[in-house]
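A closer look at the structure
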Amino acid sequence: MKNKKTVIAIVSAIVLIAIIAIVVMIIMKNNKKYTITFDTQGGNKIEAIEVKVNETLVLPKNPEKEGYIFLHWVDEEDKPVSNNFKVTKDMKLIAKWAEPTQELITISFDTDGGSKIEDIVLIKGEPLKLPDNPIKDGYIFKNWVSKDEIEIPVYDDALLSEDIVLKAIWEKEEKKKEQTTTTNKNDKTPQTPSQGNQNEQPTTTPTPENQNVEVTDISLNKNSLGLIIGNSDTLTANITPSNATNKSVTWSSSNSSIISVDNSGKVTAKAIGSATITAKTANGKEASATVTSDVKNITLTVGNQTISKYGTITSTNITVNIDANGYNVPDSLITWSAPDTSGYTAPAYMSTNGKTATVTARDVWSGTASVPITVKINNKQVKTTIYVESAINISNLSNGINSYERDGKLYCTFSGEKSLHLQSNIDVTWQYSKTF
């Protein structure tokens, strides 16, 4: 009896120790913290922070960097990260910056009842990197579409030219239903030969393995894809039904010298342009996606922003700087556009030679003319403005002064004492006519 009590006491102690160990493990797990470090890329230093497991991220105040505009934080895979992001590991966040002269666009997200995603500010012409997908109870996230009359799917590496609102598309999550097998009087089950008739043969039912299931449809995970030249991505083919007998797919490109594709759907941008990638099943079903390849970035170097036919600087040179991951962009793919340089009455004339252009001033008699210039390579573009100063200009006019130009002369009419400011790039002869 004494030995039995001793055994019970030992077992109870072991159980108690196990319970305590489990409680300690749960407490330690719930108190686990992840470390978030910040690489400000030349901005002011931000100290690392710690976030408890299962908690969402609260970002510190945005960093500052002289001569730059802060855009947002990204992780080491270049995915945008903002507040409400659920932290599941140690992370390093990297600051993204823009120069004040660069044109910016804003990407907003309508999650349609899902978890909130903050806006992303992007340099116009740079490929889009989407944040982690939102979460919505009872639903599965499918993809983003543009929120307008025609909902166009938008994916990673899309090239956007203006502000846009992206709307989340969801699919209701179907609960798995338990499958039960029942037998009733109408079930046709194989019968064994009766003892009364030994020649009677059993009835057999065809098994699914003996049936050929044809492919009825094929679709791709993306209808369009934008790549930076030299980079790759993978298209995935979805076969319907999922139990089709032959799921083999053949991949092809309409222009493999621009976009190539291998037998697994991996596409690679080899040159600037676009191609149609097609996936085809053994029974002839097809699905296609348009893949576009662009340069990484374009910038302009402008010699002089302001020119004048009558001043000391009569022309300026503009040079295109192209980041194409080592690819040499042909001059034929570089398009210059400057509507205000065509015709004899235009304030400037422009001549181009591949990656360079020369803008020369013409007659401008009153005010300062603005000449917008655009350089485009496939879907990427960059803009600048050249200002052409006039031969003569009167500004800071007092009330009651009228100014106009006619036949190469600038006229001012007024009465009484007035104040005006004259700016001239030519010699001026003053004439005064008094009318009573």
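Above this text is the structure in question.
Residues numbered from 1 in each chain as written. Predicted model: local features only at pLDDT ≥ 70, side-chain atom pairs only at ≥ 80, totals over all residues. Heavy atoms only, no water.

Here's the deal with the sheet that holds strand β15 (residues 249-253)
One open sheet holds the 4 strands; their spatial order is β12-β19-β18-β15, and the pairing between them is mixed. Two strands lie at the open edges of the sheet, namely β12 (224-228) and β15, each paired on one side alone. Recorded for the sheet is a direction-independent mean angle of 25 degrees between the axes of neighbouring strands. Summarising the sheet, β12 and strand β19 (residues 286-294) pair through 5 bridges and their orientation is parallel. By the bridge assignment for β19, serine 224 is matched with threonine 290. (Pairing = 2+ DSSP bridges. Helix = DSSP H or I, 4+ residues; strand = E, 2+ residues; numbered from the N terminus. Axes fitted to C-alpha atoms, helices over the stretch in contact; angles between N-to-C directions.)

Focus: the nonpolar core
In terms of nonpolar packing, the biggest core is built from 27 residues, with Trp336, Val359, Ile373 and Val388 touching the most fellow members. Among the secondary structure elements, those contributing two or more residues to this core are β20 (297-302), β22 (315-323), β23 (334-337), β24 (348-353), β25 (356-361), β26 (369-377) and β27 (380-388). Here this core gets 5 residues from one element, more than from any other, and that element is β26. Counting 21 residues, the second-largest nonpolar core is a separate cluster that includes Leu220, Leu227, Leu235 and Val267. (Core = buried A, V, L, I, M, F, W, Y, C linked by side-chain atoms within 4.5 Å. Buried < 20%, exposed > 50% of the residue type's maximum accessible area, 1.4 Å probe, protein only.)

Considerations on the environment of methionine 91
Looking at the secondary structure, you find methionine 91 in strand β5 (residues 91-98). With 56 residues separating them in the primary sequence, methionine 91 and threonine 35 have C-alpha atoms 6.5 Å apart. Ignoring any residue separated from it by four or fewer positions in sequence, one finds methionine 91 in contact with Thr35, Ile36, Thr37, Asp75, Val81 and Phe85. (Contact = heavy atoms within 4.5 Å.)

Keep in mind these values describe shape, not function.
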